[in-house]
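# Residue-level structure breakdown
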Amino acid sequence: MLGTNEKLEWIQLSLKYFLPELVLVGAFLILLLSSLVLNKGHQKKSIDWIALLLLMATLMASVISWNQTTANIPLFSGMLTQSTFAVYLKLLFDVAGVLTVLLSWKAYEYRKAEYYALVTCALLGAHVLVMSSNLIMVFLAIELISLPSYLLTAFVFSKKSMEGALKYFLFGSVASAIMLYGMSLLYGITHTFDFTSEVFAKAIYYQQTPFFFISVCLILAGLLFKIASTPMHPWAPDVYEAAPSPIVAFFSVVPKLAGIGILVLFCLAIDLKGNSSIRWYIVLSLIAILTLSIGNFAALLQKNPKRMMAYSSIAQAGILLIGAITLTNQGLQFMLFYATVFLLANYLVFLYIGHFERKSIVDMESYAGIGKSNAASSILLLVGLISLTGLPPTAGFLAKVFVFSSLWNSYEISGQGLYLVVFVVGLLNTVVSLFFYLKIPYQSFLKNGSNTVPSENSWGVNLLGFLLVITLLGLFFLPSGLMGWLNRITFAL
Amino acid sequence: MHEYLLSLLIFLPLIGALIVLVLPAGTFYGRSIALLIALLQGLVFIFILAAYDTSLTGLQLAERARWISLAMGTWGEVRADYFVALDGLSLPLVGLSVFIFIIATISSWKVEKSRKGYFALLLVLNAAVMGTFCAQDFLLFYLFFEFMLLPMFFLIGIWGGARREYASIKFFLYTLLGSILILIVMIALLLSTKSSNDTGTVVHSFSITDMTNSANILSQSVLDPQRGLELFGISVRVWAFIFLFIGFGIKLPMVPLHTWLPDAHVEAPTAISVLLAALLLKIGGYGLLRITYPLFPDAAMQLSWLVALFGVISIIYGALAAMASKDLKRLIAYSSVSHMGFVLLGVASVTTEGAAGAVYQMVSHGVISAMLFLLVGVLYDRTHDRMIENYSGLSSKMPVYFSYTLLAFFASLGLPGFSGFMAEVMVFLGAFKSNGVNGLIHESFAIVATLGLVLGAAYYLWTLQRMFFGKYHFKSSTENTSLVDLDQREILMLLPLALITIAFGIFPQLLLNFINPFADSFTETVLQTGKAIQAIIRP
């Protein structure tokens, strides 16, 4: 046990690396206070700006800590670890946070300050989660993401969104309980919660038993719930359909990437640098194949764009997992490249789904003929969908090529047939995904709509959409810059 | 000046597309700009011809600039270049593309529905086709190859016929399936080969030239013949060949992967049908000659009989299906399947005659099928009816139209004096010779394939008899259709095509001067490297 003085010293040393999270805590408090202090009129005018500035400040703080971080730094008595991997993911979360504010601009006015406060809180959870090196912190951080998420789902304040929120809550609490049970079993085996420690590694090295396998599977179940990956995915469509569009975009990116981040760290720990006698890559490969196939095939049947995107994001989680299977530096770097592109493309798509939703275009069929009345919006949306499919000339294509190249490389080195199966199944899934990603463009360009939708009030949306599209195209033609950043990242525990 | 000719050819239409997009909607400028760009490309192509030296083999007019260069830690470096160049295979096809795009633009002159979008997409498609034929870097090739799909999807899906949505989705999914198979092999190749002139770190280059050189295969990589990795009892190299073969086979299209073609053709507007048949199908044959055979010559020598078999099946099945078609456009679509079978047979023989015949057939079919689809379009414009049984005795009502159709049909069925005859003769020569020279395919393939010629004559003559001979009769659903003969715009499109097919039929040297050096070196490299690699596998 540490003495009080040592603890204080830890805190004192850690705080300067904890800047982005402190800013987030501050932002959370300011937003809550402003919902109490500001009157309705003021709130309506200024709350978007306040939220945007606060999240921009967080992003800046994360950029600063990106520049500071070169190696792993333990924080707060080793509860958290600041690593390049974690900081890069935090950068992604903060970008997602800023985009969420932009997507919610001048919409969902009711209780807006609390809405942003909850987003900030979930962001804080994601930040802490990817830094965790202790199972207790993992649990706390996941709850910190989950609780605001349940509330945010209900923010449309309709019967449907209440239903979605309740479902999410019930599923979520069961998943947390399962994970907590797994953690307690694992503690019984290892006598430590710190999964990066020597003690942990030694303990599991000598106890590669079915009992250990089950306890890890229970923990994975909780993490897969956050990632919305098979077999823990069934909550996603209902929740996505119920929640406000910017929040869906947020859900489909931030908790997912945070979950992937901690999954990678945890898998690195239990893989024991390849010395584990339980071959975890088989488990991960099976999960990835199932996630990808179920997500894509289920998306084919959807009639609501948000439900379709829910299944799409399940399938995309499968590709992220494919990047993670091999647990090599290369694979994980490419997974982060994919994650970056996925974030941008997904926000682009939800930007327009939300935009059209406000013009009361909700079903797939009501997109008919939009291509004529809202040509620019429809074309930009098309680019987003093409990038999610992974066709050139968008960054989605390059990201896919990278992820699958690293998988091929692992096959080349190890000669494991399973990798090749994942490789072929994964790429063939692209054809399936094209079919449903084309559904919206199919309606908007090929079908003739009966209702005419005015295209006014869309220049702001289109400007943001255009910027995202330029980034997606730019990352295809000039990927070197981003890859240079990613090359800095190391994935040691 | 001439070091930028190919870039000019590729980027002119993209600039044109941008101009069309920013112009106000509802004007007629779009089509004029599209035509202007197509004509400018014609001018550029004349410069290219002037700069091209037919006495040389290998790539000419090359342009190379660094595009992506990523340091990948343990992998070494991954590099993709903007690398475009022409050789005896690319040049005839680029020429064909330039020419067909001029014709297609004229043929689109009367498009009414959202003109701006139509011509912008047409120009984008133009750039993608040019890029595909010029690219010598696999990633660049793949980029253009995929980039063709989207404009084509919309061109069929928005401006097509009654079942256009079904046809466009089917086209997109089939082709994407093929390109995913190609992508799989591309990733494998990237990681299994290195660049020729790298020092120190390994450079994984996308350059097709580097990939073709078997000395560049990394040892202990998946595609290393010495490692001899197998999957389900079949060598990984053979798998790669099969994947590429299917990928390009879908595009070609070969039976049984052809089912998207009749639908796409029947639903597409005339100009798009012309482009589809004349250019997009050629990319399948181009891919076989440029990528599949040179990159996996050992597997090619094992499986050429299979390629030839599918070629013969396509020839016979396509001809039989054409004979059974009631819709004139469907008939011509199936005749395309039949004719592209000759390309497969020619490539499979790996002889100079066969390879040259395959390229010749691609150009010849490009010209003739363009003519055929234009002729169907002419009739459809007037009557909105393509059913063969509804017409008879048209020759008395539309004599000029009849003479062009007669010429196109005869050219297509391979009558001496037309380009199709030259191409098919060369393919047969190659296929007969193959068994004696390199033992790849048996003579019986060529013998069975000749049956395709007989069937071709049968369905074309039967169609002529049904539609043009006898007493004039037109069973129409709308009564007051006036069957007027060809107008000047239509003759302007058809006459050059007719002249070219005759010219290539009488003076084959016009084309063979370009093709022969390529065919020679293709045959030589495939046979030599193929044997060398096979010697490694089975010492």
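Above this text you will find the structure in question.
## With respect to the sheet that holds strand E3 (residues 203-205) of chain B
Residues and elements named next belong to chain B. Read from one edge to the other, the open sheet built from three strands follows the order E1-E2-E3, with strand pairing classed as mixed. Of all the strands in the sheet, just strand E1 (60-71) and E3 have a single pairing partner and so form its edges. For this sheet, the mean angle separating the axes of adjacent strands, direction not counted, is 25°. Taken together, the nine bridges between E1 and strand E2 (residues 77-86) define a ladder with antiparallel strand orientation. Directly across from Ala71, in E2, lies its bridge partner Glu77.

## Quick notes on the pattern of salt bridges
Within this structure, the stated rule accounts for 22 salt bridges over all chains. Between Lys90(A) and Glu21(A) there is a salt bridge, with its nearest N and O atoms 2.8 Å apart. Residue Lys90(A) is found in helix H4 (residues 84-103), and its partner Glu21(A) is found in helix H2 (residues 19-37); the two are separated by 69 residues along the sequence. Judged on exposure class, the residue Lys90(A) and its partner Glu21(A) are both buried. Of the charged contacts, one joins Arg290(B) and Asp87(B) as a salt bridge, the two residues approaching to 2.8 Å between their closest N and O atoms. Within this pair, whereas Arg290(B) is found in helix H11 (residues 270-295), its partner Asp87(B) is found in the loop between E2 and helix H3 (90-107), the two being separated by 203 residues in sequence. Taking relative accessible area as the criterion, Asp87(B) reaches 6% and is therefore assigned buried. In this structure, a network of salt bridges that share partners links the residues Lys160(A), Glu163(A), Lys167(A), Asp238(A), Glu241(A) and Arg307(A).

## Overview of the pairing of E2(B)
Residues and elements named next belong to chain B. Counting buried positions over the 10 residues of E2 gives 10, a clear majority of the element. Burial along E2 is two-sided: the face carrying Glu77, Arg79, Asp81, Phe83 and Ala85 and the face carrying Val78, Ala80, Tyr82, Val84 and Leu86 are both buried. Strand direction decides the pairing type here: E2 and E3, joined by three bridges, are parallel. Of the residues in E3, the one forming a bridge with Val78 is His204.

## Quick word on the interface of chain A and chain B
Each partner contributes to the interface: chain A provides 39 residues, whereas chain B provides 42 residues. Interface area for chain A against chain B, summed over the two sides, is near 3800 Å², with a carbon-plus-sulfur share of 80%. Contact with chain B buries area across many residues of chain A, yet Trp408(A), Glu412(A) and Leu446(A) alone supply 17% of it, more than any other trio. Here chain A is connected to chain B by zero salt bridges. Elements with a contribution of two residues or more to the side of chain A that touches chain B: helix H14 (329-358), helix H16 (375-389), helix H17 (395-414), helix H18 (417-437), helix H19 (439-446), helix H20 (459-477) and helix H21 (480-487) of chain A. At 11 residues, H17(A) tops the list of elements feeding residues into the side of chain A that touches chain B. A per-class count over the side of chain A that touches chain B returns 29 nonpolar, eight polar and two charged.

## Thoughts on the layout of surface pockets
Residues and elements named next belong to chain B. Considered as a void within the structure, the second largest pocket measures approximately 690 Å³ in volume. In terms of lining, the second largest pocket is formed by 30 residues, of which the most central are Trp159, Pro269, Thr270, Tyr380 and Asp381. Looking at the lining of the second largest pocket, the elements with two or more residues in it are helix H6 (149-159), helix H10 (260-267), H11, helix H14 (352-383) and helix H19 (488-506). Counting residues per element, the lining of the second largest pocket draws most heavily on H14, at six residues. When the residues that make up the lining of the second largest pocket are grouped by side-chain class, the tally is 14 nonpolar, seven polar and nine charged.

Criteria and thresholds
Residue indices follow the written sequence of each chain, beginning from 1 at its first position. Working convention: letters from A go to chains and numbers from 1 go to ligands, in the order in which they are written. Since the coordinates come from a predicted model, pLDDT governs what is reported: local features require at least 70, and pairs of side-chain atoms require 80 or more to be given and counted, while whole-chain, interface and lining totals use all residues. Heavy atoms throughout the structure, all of them, feed into the side-chain values; hydrogens and water do not. One bridge is not enough; two strands pair if DSSP finds at least two bridges between them. Helix and strand assignments follow DSSP, with helices taken as H or I runs no shorter than four residues and strands as E runs no shorter than two, numbered in order from the N terminus. Fitted lines through C-alpha atoms give the axes, limited to the stretch in contact for helices. The angle between two N-to-C directions lies from 0 to 180 degrees. Basic side-chain nitrogens of Lys or Arg form a salt bridge, by our definition, when they fall within 4 Å of a carboxyl oxygen of Asp or Glu. Exposure classes here rest on a 1.4 Å probe applied to the protein chains alone. A residue is buried below 20% of its type maximum, exposed above 50%, and partly exposed in between. By definition in these notes, contact holds between two residues if any of their heavy atoms fall within 4.5 Å. Note on terms: buried area is the combined drop in 1.4 Å-probe accessible area of two parts once they are placed together, counting the loss on both. Under the grouping applied here, Gly and all other residues not named as nonpolar or charged are polar, the nonpolar ones being Ala, Val, Leu, Ile, Met, Phe, Trp, Tyr, Cys and Pro and the charged ones Asp, Glu, Lys and Arg. The pocket and cavity definitions rest on a 1 Å grid over protein atoms only: a 1.4 Å probe that fits but cannot leave marks a cavity, an open set with protein on both sides within 12 Å along at least five of seven lines marks a pocket, and residues lining either have an atom within 4 Å of a point. Grid points are joined across faces, edges and corners, and a volume is the space filled by probe spheres set on the points.

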